[in-house]
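Summary of the model geometry
The chain contents come next:
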Amino acid sequence: MTIGWHFDNTYSKLPDTFKEVIKPTPVHDPELLILNDKLSKDLNLDFSKIDKGELSKIFSGNSLPKGSTTIAQAYAGHQFGHFTMLGDGRAVLLGEHLVNNTNRFDVQFKGSGRTSFSRSGDGRAVLGPMLREYIISEAIHALNIPTTRSLAVVKTGEKVVRENLLPGAILTRVASSHIRVGTFQYIAAKQNIDDLITLVDYTIQRHYPEIKSSKNKALDLLNLVMERQCKLVVNWMRVGFIHGVMNTDNMAISGETIDYGPCAFMDHYDTKTVFSSIDKYGRYSFSNQPPITKWNLARLAECLIPLIDKNEDAAIKIATETIDNFQNIYENKWLNMMRDKLGLFGKDKNDLKLINDLLYWMESNQADYTNTFCHLMNINSSNDSKYKDTNFINWFEKWESRVLINNGSIEKSINLMKKNNPIVIPRNHKVEEALEAANNNDLNLTNKLLSILNKPYDNQNYIDDYQSPSNNTEYQTFCGT
Ligand code: AMP
Ligand code: MG
């Protein structure tokens, strides 16, 4: 009865500053609700011969797998612009599971009890938000966007005190690592240069081995992280994803989407869209995501200053020039992404205008972001009267003639578009509906939603209900603790 765990826990061997060695706090009456079979297979893990009672113990941390060395990781973060020393206050890392001896994955429990980083928190998590993270992270993965994954959710059988009593839960999260911009901030704030060098080397070894022997590792690392985070945010903009809480502790060095709290997908195109109830000033609105990514990268650059150049002024100059490149890198990637969304081959000098004209039309007409691209792909060409608007028709004619440039054809364009435009996204009301049923012990809607979101680029039958935007234009998300 071997599951196939293969732990090799390098992070736990780093100096004490980096972590606290701590076990998850056992829970009263764990019950496994969801186990990700496909992900288990990808991780070479076989749970098929284990009964549900045992699985519930495993995924609650009541019974720890052999080879795990559980730790809470230290990190800091700029939360809405304010710097705080943080750390895993309600999570423990079981260790790093190796797949085929080469691919290394962090396995973490979220909601596993108090740690020395808990501050005033109870170390616990609530069922709704943990299932929400499971649903959205798996949807993001299916959209071909780098992300942490969700392996399992258990109900703890304990109540958690929030505004009222809510069912407790633990999510098993899998990530290529949990090193964050905030990890660098924590180590840099401790002002021990050896620890900073250790973190840079560790991160390079784990994520960017191609610069292991480079002359200026810190600078190269900054450039590579910038490239990956830039790609990530362009992907978010592609599908209308709003992360909602892009604090520096929620930005992974690997370039994966991490920490699904108040995130949600935009329905009608509005660059100012904010769903999070605590984001009063729109710091993390849809269109602020790129500049905030840059701002967060500037915080990473600050941490690396002592390693970029011995001369501080020179280091600051180099780091500033590096971060100033963000705009160019982003704009290029964004433009190419939008060309793919519109099925445009090659480049034309009028592309930016064509793209912006459509975005402007969508914003002025409250057109649904996802469904407008579906309309262009002739999918569910709804009778939506919006698309009969003269301005849209004029734009459409320009688009049709642009598509033919560079040996293009409508067919070729639509093929390209189908790889870049989801037909179905996690619509806010469908997510809420599934979570509400799950709270009443009914997981049917969650499972159905997961299976539809697993194939976002396929034209599935009978999913109209999952494609329409909600009528609720006041939708709000909460931080989900
Ligand atoms: P998050 O909003 O999930 O990114 O969390 C921000 C910080 O607050 C992290 O250090 C978390 O570990 C911590 N935190 C969030 N919720 C709790 C909780 N219920 N108990 C203890 N710490 C928490
Ligand atoms: Mg976080």
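Everything below is about the structure printed above this text.
Residues numbered from 1 in each chain as written. Chains lettered and ligands numbered in written order. Predicted model: local features only at pLDDT ≥ 70, side-chain atom pairs only at ≥ 80, totals over all residues. Heavy atoms only, no water.

**Details of the overall build of the protein chain**
The condition that has to hold: Each helix is a run of H or I in the DSSP string that is no shorter than four residues. Each strand is a run of E no shorter than two, and both are numbered from the N terminus. Atoms counted for the radius of gyration: C-alpha only. Globule rule: 2.2 Å times residue count to the power 0.38. Whether a residue is buried, partly exposed or exposed follows from its accessible area with a 1.4 Å probe, protein chains only, as a fraction of its type maximum: under 20%, in between, or over 50%, in that order. Any two residues having at least one pair of non-hydrogen atoms within 4.5 Å are treated as being in contact.
A tally of helices and strands in the protein chain yields 16 helices and 12 strands. Taken over C-alpha atoms, the radius of gyration comes to 23 Å for the protein chain, in line with the 23 Å a tight globule of 481 residues would show. Based on the C-alpha atoms only, the size of the protein chain along its principal axes is roughly 65 × 60 × 45 Å. Looking at the 481 residues of the protein chain, the share that counts as buried comes to 57%. When contacts within the protein chain are restricted to residue pairs at least 6 apart in sequence, long-range pairs at least 24 apart make up 71% of them.

**Quick look at the pairing of strand 7 (residues 103-110)**
To be explicit about the condition: DSSP-based pairing: two strands are paired if at least 2 bridges between them are found.
Bridge count between strand 6 (residues 91-99) and strand 7: 8 bridges; the pairing is antiparallel. Bridge pairing in strand 7 places Val-92 opposite Phe-109. Between strand 6 and strand 7, which pair antiparallel in sequence order, lie 3 residues; one of them, Asn-100, sits at a positive phi of approximately 50°. Here 5 bridges tie strand 7 to strand 10 (residues 165-175), and the two strands are oriented antiparallel to one another.

**Things to note about the coordination of the magnesium ion (ligand 2)**
In ideal tetrahedral geometry, four donors around a metal make angles of 109.5 degrees, whereas ideal octahedral geometry with six donors gives angles of 90 or 180 degrees. Stated precisely, the cut-off is as follows: Here a donor is any nitrogen, oxygen or sulfur atom (N, O, S) within 2.8 Å of the metal, with 3.2 Å used for Na, K and Ca; water is not among the atoms considered, so some sites may look incomplete.
Within the protein, Asn-250 (OD1) and Asp-259 (OD) serve as the donor atoms for the magnesium ion (ligand 2), at 1.9 to 2.2 Å. Comparing Asn-250 with Asp-259 shows no difference in burial state: the two are buried.

**A closer look at the pairing of strand 9 (residues 149-161)**
Across a regular strand the side chains alternate sides, sitting on one face of the sheet and then on the other. Sheet analysis places strand 2 (residues 31-35) next to strand 9, joined by 4 bridges and oriented antiparallel. Bridging from a neighbouring strand, Leu-35 pairs with Ala-152 of strand 9. The turn linking strand 9 back onto strand 10 is made up of 3 residues.

**Some details on the site of ligand 1**
Selection rule: We call a residue near a molecule or strand as soon as one heavy atom of that residue lies within 4 Å of the molecule or strand. Here a polar contact is recorded for every N or O atom pair within 3.5 Å, except that within protein the pair must consist of a potential hydrogen donor and a potential acceptor, and residues adjacent in sequence are included only if both atoms are side-chain atoms. Values of accessible area rely on a 1.4 Å probe in the Shrake-Rupley scheme; residue burial ignores everything except the protein chains shown.
As a structural note, the neighbourhood of ligand 1 is formed by 18 residues, with Gly-87, Gly-89, Arg-119, Asp-122 and Gly-123 the closest of them. At 2.7 Å, a backbone N or O of Gly-87 approaches an oxygen atom of ligand 1. Within the contact set of ligand 1, an oxygen atom lies 2.7 Å away from a backbone nitrogen or oxygen of Gly-89. Alone, ligand 1 offers 480 Å² of accessible surface; in the complex the protein occludes 87% of this.

**Let's talk about the nonpolar core**
Selection criterion: Nonpolar core, defined: a set of buried Ala, Val, Leu, Ile, Met, Phe, Trp, Tyr and Cys residues in which side-chain atoms within 4.5 Å join the residues together.
Counting 145 residues, the largest nonpolar core has Phe-59 and Phe-184 as the members making the most contacts within it. Tallying contributions element by element places helix 6 (residues 217-239) first for this core, with 13 residues. Residue contacts for Phe-184: discarding those within four places in its chain leaves Ile-179, Leu-199, Val-200, Thr-203, Leu-221, Ile-253, Leu-300, Cys-303 and Leu-304.

**What to know about the packing of aromatic side chains**
Heads up, the rule is: In this scheme Phe, Tyr and Trp rings, the latter by its six-membered ring, pair at centre separations within 6.5 Å, and the angle between planes marks the pair as stacked below 30 degrees, edge-to-face above 60, and tilted otherwise. Only when the NZ of Lys or the CZ of Arg is both within 6 Å of the ring centre and within 35 degrees of the ring normal is a charge said to sit over the ring.
Overall, the coordinates contain 22 aromatic pairs when judged by the stated rule. Arranged with centres 5.9 Å apart and planes meeting at 35°, the rings of Trp-361 and Tyr-387 form a pair that is tilted. Pair noted here: Trp-361 is in helix 10 (residues 351-365) and Tyr-387 is in the loop between helix 11 (369-376) and helix 12 (390-403), with a separation of 26 residues, a long-range link. For the pair Trp-361 and Tyr-387, one class covers both residues: buried. An aromatic cluster is built from Trp-361, Tyr-387, Phe-392, Trp-395, Phe-396 and Trp-399, whose rings are joined through pairwise contacts. The ring of Trp-295 has Arg-299 sitting right over it, with the charged end atom 4.3 Å from the ring centre. When the ring centre of Tyr-466 is taken as reference, the NZ or CZ atom of Lys-430 above it lies at 4.5 Å.

**Let's talk about the environment of Leu-35**
Of note, Leu-35 is situated in strand 2. A C-alpha to C-alpha distance of 35 Å links Leu-35 and Thr-372, two positions 337 residues apart in sequence. For Leu-35, the residues in contact, after removing those within four places along its chain, are Ser-40, Phe-47, Leu-55, Phe-59, Tyr-134, Leu-151 and Ala-152.

**Comments concerning the packing of helix 4 (residues 181-189) against helix 5 (residues 193-207)**
We apply this condition: Angles run from 0 to 180 degrees between N-to-C directions of axes, and those axes are lines fitted to C-alpha atoms, restricted for helices to the stretch in contact. Roughly parallel refers to an angle under 35 degrees, roughly antiparallel to one over 145, roughly perpendicular to one between 65 and 115, and oblique to any angle outside these ranges. Side-chain classes are defined by residue name, with Ala, Val, Leu, Ile, Met, Phe, Trp, Tyr, Cys and Pro counting as nonpolar, Asp, Glu, Lys and Arg as charged, and the others, Gly among them, as polar.
Orientation of helix 4 relative to helix 5, taken along the N-to-C sense of each, is 160°, at an axis distance of 9 Å. Put simply, helix 4 runs roughly antiparallel to helix 5. Contact residues: Thr-183, Phe-184 and Ile-187 in helix 4; Asp-195, Leu-196, Leu-199, Val-200 and Thr-203 in helix 5. For the contact of helix 4 with helix 5, the class distribution of residues is 5 nonpolar, 2 polar and 1 charged.

**Thoughts on the pattern of salt bridges**
Side chains that carry opposite charge are capable of pairing whenever their charged atoms lie near each other. To be explicit about the condition: By definition, a salt bridge exists where a carboxyl oxygen of Asp or Glu is found within 4 Å of a side-chain nitrogen of Lys or Arg.
Considering all chains together, one arrives at 30 salt bridges under this definition. Notably, a salt bridge pairs Arg-162 with Asp-122, separated by 2.8 Å at the nearest N-O pair. Highlighted residues: Arg-162 in the loop between strand 9 and strand 10 and Asp-122 in the loop between strand 7 and strand 8 (125-126), separated in sequence by 40 residues. Across the pair Asp-465 and Lys-430 runs a salt bridge whose closest N-O atoms are separated by 2.8 Å. Taken together, the residues Asp-465 in helix 16 (residues 464-467) and Lys-430 in helix 14 (residues 428-439) connect sequence positions 35 residues apart. The class for Asp-465 is partly exposed, based on a relative accessible area of 46%. Taking the relative accessible area as the measure of exposure, Lys-430 reaches 4% and is therefore buried.

**So, helix 10**
What counts here: By definition here, a helix of n residues has an expected span of 1.5 Å times n minus one. Taken from the helix axis, the directions to the C-beta atoms give the arc we talk about.
Its 15 residues give helix 10 an end-to-end C-alpha distance of 21 Å, which sits within 8% of 21 Å, the value for a rise of 1.5 Å per residue. Restricting attention to buried positions, one finds in helix 10 the residues Asp-351, Leu-354, Ile-355, Leu-358, Leu-359, Trp-361 and Met-362. Viewed end-on, helix 10 has its buried residues packed into an arc of 160°, placing them on one side of the element. Turned more than 90 degrees from where helix 10 packs its buried face, Lys-353 and Tyr-360 sit exposed. Immediately beyond the C-terminal end of helix 10, within one or two residues, lies Gln-366, with a positive phi of roughly 55°.

**Examining helix 6**
With 23 residues, helix 6 ought to run about 33 Å at 1.5 Å a step, and its terminal C-alpha atoms sit 33 Å apart, in line with that. Just downstream of helix 6, Gly-240 is the residue with a positive phi angle, here 80°.

**As for the environment of Leu-404**
Mapped onto the elements, Leu-404 comes out in the loop between helix 12 and helix 13 (410-420). Residues Leu-404 and Phe-326 lie 78 residues apart in sequence; the distance between their C-alpha atoms is 32 Å. Dropping the residues within four chain positions of it, Leu-404 is found in contact with Ser-409 and Ile-410.

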